[in-house]
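Here are the chains, one letter per residue:
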Amino acid sequence: MSKQLMKGNEAIAQAAINAGCEAFFGYPITPQNEIGEYMAKYLAKYNGVFIQAESELAAINMVYGAAAAGARAMTSSSSPGIALKQEGISYMAGAELPGLIVSVSRGGPGLGGILPAQSDYNQATRGGGNGDYHVIVLAPNGVQEAADMMRQGFELAERYRNPVMVLADGIIGQMMEPVEMNVRPLAKTDKPWASDGNSGIRPRNVVNSLFLNPQDLENHNIHLKAKYDAIEQNEVMAEVSQCEDAEVVLIAYGTPSRIVKSAIGQLRAEGVRVGLIRPKTLWPFPHEIIKANTQKCKFILTCELSMGQMVYDVRLAVGNQVPVYFYGRTGGMIFEPSEIVGAVKKQLAGETQ
Amino acid sequence: MTVLFKKTRGLTDAPFTYCPGCTHGIIHRLVAECLDELGLLDEAIAIASVGCSVMSYEFFNCDAIQAAHGRAPAVATGVKRTHPNKTVFTYQGDGDLASIGTGEIVQAAHRGENITVIFVNNAIYGMTGGQMAPTTLPNQITTTSPYGRNVATQGEPIRMSELLATVPGSAYIERVTVIDPASVRKAKKAIKHAFEVQRDHQGFSMIEVLSTCNIGWGLSPIEALGFIKNRMIPYYPLGVFKDKGALK
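Residues numbered from 1 in each chain as written. Chains lettered and ligands numbered in written order. Predicted model: local features only at pLDDT ≥ 70, side-chain atom pairs only at ≥ 80, totals over all residues.

### Examining the packing of helix H2 (residues 72-82) of chain B against helix H4 (residues 102-110) of chain B
Residue and element names in this part refer to chain B. In contact at an axis separation of 7 Å, H2 and H4 are set at 40° when each is read in the N-to-C sense. Classed by the angle they form, the pair H2 and H4 counts as oblique. Residues Pro73, Ala74 and Thr77 of H2 form the contact with H4, whose participating residues are Glu104, Ile105 and Ala108. For the contact of H2 with H4, the residue count by class is 4 nonpolar, 1 polar and 1 charged. (Axes fitted to C-alpha atoms, helices over the stretch in contact; angles between N-to-C directions. Helix = DSSP H or I, 4+ residues; strand = E, 2+ residues; numbered from the N terminus. Parallel < 35°, antiparallel > 145°, perpendicular 65-115°, else oblique. Contact = placed C-beta atoms within 7 Å. Nonpolar A, V, L, I, M, F, W, Y, C, P; charged D, E, K, R; others polar.)

Shown next as structure tokens:
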């Protein structure tokens, strides 16, 4: 299929429909409104369910219900709305329900602003829900990857029976880029555990996250941990470029990684050997990939549209092996390649003193 | 030998977790009998809520989903829209439905969701040890209204059936109780009708059942039945508050 020019939010919605999304539940919030609007217009044409819920709380609980009943379901929101969804995300993780949550993030805290930011890294990877749980977090760097990751997100959610979040910064949501859609529907996953109203022909199913017996609850958590270990083993994704000879490794995710790439081009042209590691999964985080590709560099500079969140994971990855510095803008302000170039040179001067 | 009375197949063999004297068990049985008698049990999906009936997914002999506190109508919406021809019902207490879940219940009714809500009103938070609920009667003593509910500062009890009857999307709303054989029979008729309303795709139905919490109220089981009759029914009158089908 040929490429078409699409706005990120609309590409995300169309990719979900292409992947066989059967139900969408959302609540208006900027900068992701086009996802819900697109679903309202087109999902019904594919016999899907669209509901504009009364709140983000209700929307995620509708996803919980639809997923529990066997549907391929999703919701989308932005920063303060994702905060409200944390209750349902924890319940989905506890009850082991597949489902997709799109977070088109904006600046915070509080009502913050409506312009792009990456200050929800901790919200996405640590979550605000209760309990020992993880959400798989995919971080696209543009419209094409956002569309691809919707499909991948449903696949992972159903393979592991776990909620998956696609964390797209507001830039992706609002910009237009050429995108090639995978239009083959994802195969239907067998869901023998679903409470779909068929207790007449098989033993009854119960979808639940309550375990009043402490030993049962500990066993459940041990079972979940084994699943998370398997995900960490199998599903880590990161792009590594120009790190072989790098004296400086830059680490960035999402759209800002492309600004960082421009900076690397400029620095290389000036003879500064700089490489990039771009995590594509934020959980599981590419600890090993970062560790393996930064052994010979002088320092790492983590670049984020936040006051510094992913940088702590980078430090965990490398320990004392190499210094880790941070450069960030936030609140809707976006760094220019020249700022990154300046930050690298300044740090390089400091390191060689 | 003729079998005159037996356990309904609508309930599992799991022992109830309810306190002696509590009428949750009667209500469970009525719901189960209605589903079975209407031939809907094997295709039903129960949504359990949070509160004393949190374990109801263990008791109803059909598929079940446990929901977060107050969110059962939203969960039921997700289920029903996925399977429009299955029978979907929530079983919620008054803390769950009339306090933390007011948004979800009002909006489910507002959308005219074709689900059935069994709303058990015992005027108190039973599971957590007897705190004041939005439905707690004026001057009623609870652990968080130790001097009696003061309507000047704590508001007057909310009447959910009356409220939801005003929502255009609701189709059938009735308040019943289960304090004697006659009221139990009436309650069963109401619950059965609510499931028929759903079966016939008429929209949102809710049966509010005035139920005892003799432990939370500090009364004997017999006294608790009297509390419903003499204190609750005068404030929460029994009857049909909405019947869209009857209007036709």
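Let us keep going from here.
### Here's the deal with the interface of chain B and chain A
Contact residues are listed per partner, giving 28 residues for chain B and 35 residues for chain A. For the side of chain B that touches chain A, the secondary-structure elements that each account for two or more residues are strand S1 (44-48), strand S2 (63-66), H2 and H4 of chain B. Examining the composition of the side of chain B that touches chain A, we find that 8 residues originate from one element, H2(B), more than from any other. The residue inventory of the side of chain B that touches chain A, partitioned by class, reads 13 nonpolar, 8 polar and 7 charged. Of the strand pairs in this sheet, strand S9 (residues 206-207) of chain A and S2(B) are connected by 2 bridges, and their pairing is parallel. Residue Val207(A) lies in a different strand from S2(B), and its bridge partner there is Ile65(B). (Pairing = 2+ DSSP bridges.)

### Points about the nonpolar core
By size, the foremost hydrophobic cluster in this structure holds 187 residues, and its most contacted members are Ile12(A), Leu250(A), Ala46(B) and Ile118(B). Looking at which element gives the most residues to this core, the answer is helix H3 (residues 56-68) of chain A, with 10 residues. Both domain 1 (4-190 + 208-234) and domain 2 (238-352) of chain A contribute no fewer than three residues apiece to this core. (Core = buried A, V, L, I, M, F, W, Y, C linked by C-beta atoms within 7 Å. Buried ≥ 20, exposed ≤ 12 C-beta atoms within 10 Å, placed from the backbone. Domains from an automatic or database assignment.)

### Remarks on unusual backbone geometry
Residues and elements named next belong to chain A. Note that the residue after Thr30, namely Pro31, is joined by a cis bond; omega there is 10°. Mapped onto the elements of the fold, Pro31 is located in the loop between strand S2 (23-26) and helix H2 (33-42). The amide bond that connects Gly108 to the next residue, Pro109, takes the cis arrangement and shows omega of 0°. Position of Pro109 among the secondary structure elements: in the loop between strand S5 (99-105) and helix H5 (121-125). One non-glycine residue, Glu96, adopts positive backbone phi at about 55°.

### Looking at the packing of H3(A) against helix H4 (residues 79-95) of chain A
Residue and element names in this part refer to chain A. Running from N to C, H3 and H4 cross one another at 25°; their axes reach a closest spacing of 7 Å. It follows from the interaxial angle that H3 and H4 lie roughly parallel. Once H3 is placed against H4, the crossing between them reads as right-handed. Counted together, Glu56, Leu57, Ile60, Asn61, Val63, Tyr64, Ala67 and Ala68 of H3 and Gly81, Leu84, Lys85, Glu87, Gly88, Ile89, Tyr91, Met92 and Ala95 of H4 form the full contact between these two elements. (Left-handed = near helix turned anticlockwise from the far one by under 90°.)

### Brief notes about the sheet that holds strand S15 (residues 324-328) of chain A
Residue and element names in this part refer to chain A. A sheet is described by the order of its strands in space; here 5 strands give the open sequence S10-S12-S11-S14-S15, paired in mixed fashion. Each edge of the open sheet carries a strand with a single partner, namely strand S10 (238-241) and S15. Across the sheet, the mean angle from the axis of one strand to that of its neighbour is 20°, orientation sign disregarded. Judged from the 4 bridges that link them, strand S11 (residues 248-251) and strand S14 (residues 299-304) form a sheet pairing that is parallel. Across the sheet, Val249 pairs through a bridge with Ile300, a residue of S14.

### Some remarks on the domain arrangement of chain A
All names here are of chain A. Here the domain parsing of chain A yields domain 1 (4-190 + 208-234) and domain 2 (238-352). Taking only C-alpha atoms into account, the centre of domain 1 sits 27 Å from that of domain 2. With 25 residues of domain 1 at the contact, the number on the domain 2 side is 22 residues. Sorting the residues of the side of domain 1 that touches domain 2 by element identifies H5, strand S6 (136-138), strand S7 (163-169), helix H7 (170-174) and helix H8 (214-234) as the ones contributing at least two each. The residue inventory of the side of domain 1 that touches domain 2, partitioned by class, reads 14 nonpolar, 9 polar and 2 charged.

### Details of the sheet that holds strand S4 (residues 116-121) of chain B
Strands sit in the order S9(A)-S2(B)-S1(B)-S3(B)-S4(B)-S6(B)-S5(B)-S7(B) across an open sheet of 8 strands; the sheet is mixed. The outermost strands of the open sheet, each flanked by one partner alone, are S9 of chain A together with strand S7 (239-243) of chain B. As defined by bridge partners, S4(B) adjoins strand S6 (residues 204-210) of chain B across 6 bridges and the pair is classed as parallel. Paired with Asn121(B) across the two strands is Leu210(B), which belongs to S6(B). Lying on the sheet, helix H1 (residues 24-37) of chain B is in contact with S1, strand S3 (87-93), S4 and S6 of chain B; it crosses S4(B) at an angle near 165°. Where helix H7 (residues 181-199) of chain B meets the sheet, its contacts fall on S3, S4, strand S5 (170-177) and S6 of chain B, and the angle it forms with S5(B) comes to roughly 165°.

### A short note on the environment of Gly10(B)
Position of Gly10(B) relative to the elements: it lies in the segment before H1. With residues near it in sequence (within four places) discarded, Gly10(B) still touches Ala32(B), Glu33(B), Leu35(B), Asp36(B), Leu41(B), Phe60(B) and Asn61(B).

### Considerations on H2(B)
Burial within H2(B) is extensive, with 11 of its 11 residues counted as buried. Listed as buried for H2(B) are Ala72(B), Pro73(B), Ala74(B), Val75(B), Ala76(B), Thr77(B), Gly78(B), Val79(B), Lys80(B), Arg81(B) and Thr82(B).

### Concerning the confidence of the model for chain B
Looking at chain B, the pLDDT average stands at 97 and 99% of residues meet or exceed 70. Across the interfaces of the predicted complex, the ipTM metric reaches 0.96, alongside a pTM of 0.97. (pLDDT = per-residue confidence, 0-100.)

### A few points about H4(B)
Of the residues making up H4(B), those classed as buried are Glu104(B), Ile105(B), Ala108(B) and Ala109(B). Within H4(B), the buried residues cover an arc of 125° as seen down the axis, which keeps them to one side. Buried residues in H4(B) make contact with H3 of chain A together with H2, helix H3 (94-100), helix H6 (160-165), S5 and S6 of chain B. Among the residues trailing H4(B), Gly112(B) stands out with phi positive, at a value near 70°. (Arc of directions from axis to C-beta.)

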